[in-house]
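# Report on the structure
Residues per chain, in single letters:
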Amino acid sequence: MFLWVSVINPFRSEAEAFRLLLGALGYFGAIGIAAAAGGLWPGLIVFIGLSVGVVLWWLRARRVERPPQTRPRAHAEGERRILVVANETVGGLTLRSMIEERSRGIRAEVLVCTPALNSRLRHWTSDEDSARVSAQRRLDASLDGLRSLGIAASGEVGDSDPLQAMEDALRTFGADEIIISTHPEGRSHWLERGIVEKARERFAVPITHVVVDLERDREKLQR
């Protein structure tokens, strides 16, 4: 049985991890020295003082933190790279129309990334096979539709976390624009989690949000 294990590294570099290790050693070392030299109360005072300092530093760091910069690869004039991030809405007519509109009159290269939706239980037990199979099936149908319109499109099944899926895709694709597709408000887990806003804060790439109503699309197809 094949298990797909998704591991997210919380550190941006080895140097950042090393600094955190040194900081932790200094933090606990100072508390231990104070407690050994003066007893419980001096150790407690040092613990409280250092903890307050760490919290204040962390809050300040969050205020000044900038989203990682993603620069598009060099490409010929008139060419544009578009990253499309969608899961259940990946085959929606509204999304397809927007991609077609964005690709009109230019040489566009489109990468469709479909995060593999999964339950929390299956995610924590690393059982993501069925989620990835379902995502791949939806992705293949979407790519067939885009290619039938003459759009150069490729695709990949991404991490179950849409933000991580975008980051992974941007490392290799270098998009000029990201299109995020969601269900309408009230039916979209991504909107409830603020994925679009978080993506705009995190990635220095223009982001367009398109709402796809699959029920309305089905009504159109049935007419």
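Let me sum up the structure you'll find in this document. (Residues numbered from 1 in each chain as written. Predicted model: local features only at pLDDT ≥ 70, side-chain atom pairs only at ≥ 80, totals over all residues. Heavy atoms only, no water.)

On to the side chain of His183. For His183, the location among the structural elements is in the loop between strand 4 (177-182) and helix 7 (189-192). The contact partners of His183, leaving out residues within four places of it in the chain, are Glu88, Thr89, Ser188, Leu191, Val211, Val212 and Leu214. (Helix = DSSP H or I, 4+ residues; strand = E, 2+ residues; numbered from the N terminus. Contact = heavy atoms within 4.5 Å.)

Ranked by internal contacts, the top residues of the largest apolar core, which has 22 residues, are Val84, Leu95, Ile99, Val110, Val112 and Ile179. Leu83, Leu111, Leu163 and Val205 belong to the second-largest nonpolar core, a separate cluster that totals 20 residues. (Core = buried A, V, L, I, M, F, W, Y, C linked by side-chain atoms within 4.5 Å. Buried < 20%, exposed > 50% of the residue type's maximum accessible area, 1.4 Å probe, protein only.)

Let's shift gears to the environment of Arg96. Tracing the chain through its elements places Arg96 in helix 3 (residues 93-103). The class of Arg96 is partly exposed, set by a relative accessible area of 28%. Along the chain, Arg96 and Leu146 lie 50 residues apart, while their C-alpha atoms are 7.0 Å from each other. In this structure, Arg96 is in contact with Gly91, Gly145, Leu146 and Leu149, ignoring residues within four places of it in sequence.

Moving on, we come to a nonpolar patch on the surface. A surface patch of nonpolar side chains, amounting to about 740 Å² of accessible area, comprises Leu40, Trp41, Leu44, Phe47, Ile48, Val52 and Leu56. Here Leu56 shows up in helix 2 (residues 40-64). Residue classification places Leu56 among the exposed positions, given a relative accessible area of 55%. (Patch = residues over 30% accessible without salt bridge, like charges linked within 9 Å, V, L, I, M, F, W, Y side chains within 5 Å. Areas by Shrake-Rupley, 256 points an atom, 1.4 Å probe, with all protein chains shown as cover. Salt bridge = Lys/Arg side-chain N within 4 Å of Asp/Glu carboxyl O.)

When you tally the buried positions in strand 4, you get six out of six residues, the bulk of the element. Residues Glu177, Ile179 and Ser181 of strand 4 are buried on one face, and the alternating residues Ile178, Ile180 and Thr182, pointing to the opposite face, are buried as well. With four bridges connecting them, strand 1 (residues 79-85) and strand 4 associate as parallel partners. Directly across from Val84, in strand 4, lies its bridge partner Ile179. The sheet contact formed by strand 4 and strand 5 (residues 207-211) spans five bridges and is parallel. For Ser181, the partnering residue across the bridge sits in strand 5 and is Val210. (Pairing = 2+ DSSP bridges.)

Ordered in space as 3-2-1-4-5, the five strands form an open sheet in which the pairing is parallel. At either margin of the open sheet sits one strand with a lone partner, and together these are strand 3 (152-158) and strand 5. Neighbour-to-neighbour, the strand axes of this sheet turn through a mean angle of 20°, independent of strand direction. As judged from the seven bridges shared by strand 2 (residues 107-115) and strand 3, these two strands associate in the parallel manner. The residue of strand 3 that forms the bridge with Val112 is Gly155. Across the face of the sheet, helix 8 (residues 195-202) comes into contact with strand 4 and strand 5 while running at roughly 170° to strand 5. (Axes fitted to C-alpha atoms, helices over the stretch in contact; angles between N-to-C directions.)

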